[in-house]
Every structure is written in C-alpha cells, then in structure tokens.
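Each chain is listed here by its residues.
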Amino acid sequence: GITNKKATVLCVGLDNSGKTTVINHFKPPQTKSEEVVPTIGYSVEKFLISRISFTVFDMSGQGRYRNLWEQYYPETEAVIFVIDSSERLRLEVAREELHALLEHPVIKQKRIPICCLANKKDLKDALSDVEIADKMELAEIADDKPYNIFATNARTGEGLDMAMDWLSEQIM
Ligand code: GTP
Ligand code: MG
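How each quantity is defined
Residues numbered from 1 in each chain as written. Chains lettered and ligands numbered in written order. Predicted model: local features only at pLDDT ≥ 70, side-chain atom pairs only at ≥ 80, totals over all residues. Heavy atoms only, no water. Helix = DSSP H or I, 4+ residues; strand = E, 2+ residues; numbered from the N terminus. Rg over C-alpha atoms; globule rule 2.2 N^0.38 Å. Buried < 20%, exposed > 50% of the residue type's maximum accessible area, 1.4 Å probe, protein only. Contact = heavy atoms within 4.5 Å. Areas by Shrake-Rupley, 256 points an atom, 1.4 Å probe, with all protein chains shown as cover. Lys, Arg positive; Asp, Glu negative; His and termini not counted. Charge placed at Lys NZ, Arg CZ, Asp CG, Glu CD. Near = heavy atom within 4 Å. Nonpolar A, V, L, I, M, F, W, Y, C, P; charged D, E, K, R; others polar. Phe/Tyr/Trp six-rings, centres within 6.5 Å; stacked < 30°, edge-to-face > 60°.

Notes on the overall build of the chain
Here's step 1: A count of helices and strands for the chain gives five helices and six strands.
Here's step 2: Its helices and strands taken in sequence order, the chain reads β-α-β-β-β-α-α-β-α-β-α from the N to the C terminus.
Here's step 3: In summary, the chain has a C-alpha radius of gyration of 15 Å against a globular reference of 16 Å for 172 residues, a match within 12%.
Here's step 4: On the principal axes, the C-alpha backbone points of the chain span a range of 45 × 40 × 30 Å.
Here's step 5: When burial is assessed residue by residue, the chain has 50% of its 172 residues classed as buried.
Here's step 6: Expressed as a percentage of contacts within the chain between residues at least 6 apart in sequence, the contacts between residues at least 24 apart total 72%.
Here's step 7: Of the accessible surface of the chain, which amounts to about 9,000 Å², a share of 49% is contributed by carbon and sulfur atoms.
Here's step 8: Separation between the mean location of the 21 positive side-chain charges and that of the 27 negative ones in the chain comes to 4 Å.

Section: the site of ligand 1
Here's step 1: Ligand 1 sits among 20 residues. The nearest are K19, T21, T39, G61 and D122.
Here's step 2: Burial of ligand 1 by the protein amounts to 88% of the accessible area it has alone, namely 660 Å².
Here's step 3: Top element by residues in the shell around ligand 1 is helix α1 (residues 19-26). It accounts for three residues.
Here's step 4: Per-class residue counts for the shell around ligand 1 are five nonpolar, 10 polar and five charged.

Points about the packing of aromatic side chains
Here's step 1: For the coordinates displayed, the defined rule picks out six aromatic pairs.
Here's step 2: With 5.6 Å between their ring centres and 25 degrees between their planes, F26 and F47 make a pair best called stacked. Residue F26 is found in helix α1, and its partner F47 is found in strand β2 (residues 42-49); the two are separated by 21 residues along the sequence. F47 matches F26 in its accessibility class, with the two residues each being buried.
Here's step 3: Centre to centre, the rings of F47 and F54 are 5.9 Å apart; their planes meet at 35 degrees, and the pair counts as tilted.
Here's step 4: With a relative accessible area of 1%, F54 lands in the buried category.
Here's step 5: Through a chain of ring-to-ring contacts, the aromatic side chains of F26, F47 and F54 assemble into a single cluster.

What follows is the structure, given as structure tokens:
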C-alpha cells in the first residue's frame, strides 16, 4: 500500500567514524548541517527513504558517552554500525563495541538487521569491506540477525544508498 512504515534506527560506532556525516547525507536539503561536528551525547534525526520514515538515534561514539547507547536498545529496530576503514589501530575496539552490543540481552533477543558501513573508503589506508568484515568478526553474528557490510564515503554519499536500500528491504 501507500502507507508509510516507521523504523527506529540506532546509529553507533567509534567517535570520528562518520556517523553524523552518514545521517546528514539522508536529511532533506533544508535541514542538512553545513558543518558536521562531534556529537555530544546523541541527536535524533528523521527522514524518509523508500516509504519508510526513519527515526535515527545518532549516538556519540566517544568513550565517555558509549554507555548511553544501551538506553535506546529497547526501541531499536535496526542498527547502523559505522567503522572508519582507515583506522586500523582501533578496529579491535570497534569489534569489541559491536559484539558487546550484540551480546546485550535486549539486543540479543531481537531479530533486527545490522548494517555495517566500512566508511572512509576514500582514504589511502582504508581496508576493504571484506577485510573489515573479517576483522570485525561479522561471521559470528547470530543467525537470527541479517547483516551486511558496505564500503562507503559519507562525504560524497558513495555506497550509502545501497546500504539504506538493503536496510529498508530488511525492515519492509
Ligand atoms: P562522533 O559524533 O564524535 O561519534 O563522530 P561521528 O562518527 O559522528 O563522525 P563525524 O560524522 O562527525 O565525522 C568525523 C570526521 O570524519 C569529519 O571530519 C567528517 O567530515 C569525516 N568523514 C566522515 N565520513 C568520511 C569519509 O567517508 N571519508 C573521509 N575522508 N572523511 C569522512
Ligand atoms: Mg557524530
């Protein structure tokens, strides 16, 4: 039908991985931020993609705010996990944070899609999506959760439409 579906999405990942830049890409032109700054706490953003009205919790990735993530797990219907593909030294921390989220009792009992973005693919040190999937141990994700990974450049938007199309399909 023509009715819109609603979905609440949690956007997480380490600080500086590009979460706010990703979300900004999907916001309508009038509401787009000119300059993206580090998120303090979190910010709630709304936009429409392929008839789904998304409410996105754009969480801060800074260590001191990461304990806020779990407060939104109860309403989370999909997860976008953003990774800086060029930041090899912190991939281990990113892996730990992703798996801590997946092992959280509230998330564990949900059948929700996990959309990973191997972001900053334009940087010369960037690992490929396949390498990121390996380092992040995505194969360990429980069978009840569909997951996928997309190489993206949030500054240009490259890869983002494919990622959101996939996520939308999982939600529909
Ligand atoms: P926190 O809010 O602190 O958790 O960070 P964040 O994950 O929201 O990162 P943010 O979107 O603020 O981006 C951090 C920096 O990375 C900004 O300077 C962005 O312009 C830059 N950036 C984001 N995506 C890309 C990308 O794909 N390529 C490159 N080269 N830079 C990017
Ligand atoms: Mg941010």
